[in-house]
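Below are the chains, spelled out letter by letter.
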Amino acid sequence: MKVAIVGAGKLGISLVQTLLGGGNEITLIDKDEDLVQRVNSRYDILTLAANAKRVDVLEELKIWTYDLLIAVTDKDERNIVICNFAKELGCARVIARVTSPEHVEQLEFIKKVQKIDHIVNPDMACAQEIYKYLTQKYTLQGGQFAADGFNILEFKIDRMPQLFDKQIKEVSRILDGLLIAAISRSGQIIVPNGNTMLKQGDWLYVIGTKERIESIGKSVKESKLTTDLRKVMIAGGGKTGYFLAKKLSDFNIAVKIIEQDRERCEWLSARLDDVLILHGDATDTNLLREENMDGMDAFVAVTGFDEENLMLSLIAKQQGIEDVVTKMSRNSYNSLTESLGVSMIINPIDMCASSILRFIQKGDKMVVFAEMIQGQAEFIEIWAEKNMPITEGTLMDIEIPEGVLVAAVHRDNDIIIPSGRTRIMPGDKVVFLSLLSSMPDLEGLIKR
């Protein structure tokens, strides 16, 4: 597939990495010549230092020969215009990154009028995942996801204490016919292997036939798992903080936002009637103490700086707050976040890249379904084809990347929980569990 990506920021680079894994032909366009040069030295792609809003630039690129254009600059209007121009010039499909709250209320109208096929909003996606976790505790709706012939169940390991301190390979008798596909521990999603040790406090995602899941679900699912959420403090009044505060406030939860920029505080105050907006530095411990931080049911760090979010999360955990959620845009900090013990870590860049990838694949009729868990990983079901690397041998023979798991195989009327000796056949429906950060590697397995 021939793809043009406009915007060489974090999201643009993440898309380059992901789509390259699927063997696509990519052109990256950005006005910043130095930035384009740095990208050109790292990736084997075509780069162009130019303004994609100019029709002559798109014509020189012969945009009508492209299968897809993705506009992910930091300006909504620029992305919308570029997509509209590209579509008018004959580009097959266009995707725009649109994040402004004013635009969010009229996305369908924008798509229709501007002829945009798909719109992504990383801030709204983050807010939705955080809201779902804080108000339900479960990542899956009601703790369970039903697909064609099999189910995925989410539960806390404390409901099955016989699993404590055991390796995955030791629990097959206890979980007969089920596979532990993922573990949530201290806010991090882990894709396990046979040697992974289960620990008290873990949340498990198990996959199996509908009958087996329903049978075990009766003993491990809590009849009512909701938080007594009443008070939430949000550090950062940017777009994610705004969207989250609005959703929580509509759910009758008392919300405080701490924002350092006074003009932004005034903007928030004019739009959030039942939310307390505090002008100040969220890292000021005196301010946090004055605002009764230790009395909060949940704390959410969504400032624009990963380092600040890390520090604020540490302070919140030291104050004994039960639910602490942190936004991180760089995977390089993953090793640090493991020691924080936060409830949820969410990466808007990975989530947005995944959303775009799923839209492409569903359009190509490759993906059957995709279900995100905790904003960090996805269950994905795809149709296997004979020219995919995943069909070239047994799972033992194929090098399955770290962070990717083959969770189930649906062949004719049978559901197979795979082992190393399982061979994927053309026509199978295959369920993968993949960390969002491992999406480029997964793409290499299922590229045509």
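Residues numbered from 1 in each chain as written. Predicted model: local features only at pLDDT ≥ 70, side-chain atom pairs only at ≥ 80, totals over all residues. Heavy atoms only, no water.

1. Side note on the pattern of salt bridges
Two side chains bearing opposite charge may form a pair once their charged atoms approach each other closely. All chains considered together, the criterion is met by 13 salt bridges. Of the charged contacts, one joins Asp117 and Lys87 as a salt bridge, the two residues approaching to 3.0 Å between their closest N and O atoms. Residue Asp117 is located in the loop between helix H6 (107–114) and strand E6 (118–120), and its partner Lys87 is located in helix H4 (residues 76–88); the two are separated by 30 residues in the primary sequence. Relative accessible area serves as the criterion here: at 27%, Asp117 is assigned to the partly exposed category. Judged by relative accessible area, Lys87 falls into the partly exposed class, the value being 22%. With a shortest N-O distance of 3.1 Å, Glu378 and Arg358 are connected by a salt bridge. Residue Glu378 is located in strand E19 (residues 377–383), and its partner Arg358 is located in helix H14 (residues 348–363); the two are separated by 20 residues in the primary sequence. Take Glu378: its relative accessible area is 4%, and that puts it in the buried class. (Salt bridge = Lys/Arg side-chain N within 4 Å of Asp/Glu carboxyl O. Helix = DSSP H or I, 4+ residues; strand = E, 2+ residues; numbered from the N terminus. Buried < 20%, exposed > 50% of the residue type's maximum accessible area, 1.4 Å probe, protein only.)

2. Here's the deal with the pairing of strand E11 (residues 203–209)
Taking burial as the measure, the seven residues of E11 include six buried ones, the bulk of the element. Relative to E11, strand E8 (residues 150–156) runs antiparallel, the two being bridged by seven bridges. Following the sheet pairing, Leu153 is matched in E11 by Val206. Of the strand pairs in this sheet, strand E9 (residues 179–185) and E11 are connected by five bridges, and their pairing is antiparallel. Opposite Ile183, over in E11, you have Leu204 as the bridge partner. (Pairing = 2+ DSSP bridges.)

3. A short note on helix H10 (residues 262–271)
Those residues of H10 that sit buried are Cys265, Trp267 and Leu268. Along the axis of H10, the buried positions cluster into a sector of 160°, meaning they face one direction only. Of the exposed residues in H10, those oriented more than 90 degrees away from the buried face are Arg262, Glu263 and Ala270. Where H10 is buried, its residues contact helix H5 (101–104), helix H9 (239–250), strand E13 (254–259) and strand E14 (275–279). Two to three positions downstream of the cap, the backbone nitrogen of Glu263 sits 3.1 Å from a side-chain oxygen, assigning the N-cap of H10 to Asp261. (Arc of directions from axis to C-beta. Contact = heavy atoms within 4.5 Å. Polar contact = N/O pair within 3.5 Å; in protein donor to acceptor, adjacent residues only side chain to side chain.)

4. Here we look at the sheet that holds strand E7 (residues 144–146)
Overall, antiparallel pairing links the five strands, which are arranged E7-E8-E11-E9-E10 in an open sheet. For this open sheet the edge positions go to E7 and strand E10 (188–190), each flanked by a neighbour on one side alone. Mean inter-strand twist for the sheet, computed between neighbouring axes without regard to direction, equals 15°. (Axes fitted to C-alpha atoms, helices over the stretch in contact; angles between N-to-C directions.)

5. A closer look at the sheet that holds E6
Strand pairing in a sheet is mediated by backbone hydrogen bonds. Such pairs are either parallel or antiparallel. If you walk across this open sheet you meet the six strands as E3-E2-E1-E4-E5-E6, and the pairing is parallel. Single-partner strands in this sheet number two, and they are strand E3 (46–49) and E6. Adjacent strand axes in the sheet meet at a mean angle of 15° when their direction is disregarded. In terms of strand pairing, strand E2 (residues 25–30) meets E3 through four bridges, oriented parallel. Its bridge partner being in E3, Ile29 is matched across the sheet by Leu48.

6. Structural notes on the environment of Val57
By the element assignment, Val57 lies in helix H3 (residues 55–60). Taking C-alpha positions, Val57 is 34 Å from Asn331, a pair spaced 274 residues apart along the chain. When sequence neighbours within four positions are dropped, the list of residues in contact with Val57 reads Leu48, Ala50, Asn51 and Ala52.

7. A look at the packing of aromatic side chains
All chains considered together, the criterion is met by five aromatic pairs. What links up through ring pairs into an aromatic cluster is the set Phe145, Phe150 and Phe369. We note Lys2 situated over the ring of Tyr66; from NZ or CZ to the ring centre the distance is 4.6 Å. (Phe/Tyr/Trp six-rings, centres within 6.5 Å; stacked < 30°, edge-to-face > 60°. Lys NZ or Arg CZ within 6 Å of the ring centre and 35° of its normal.)

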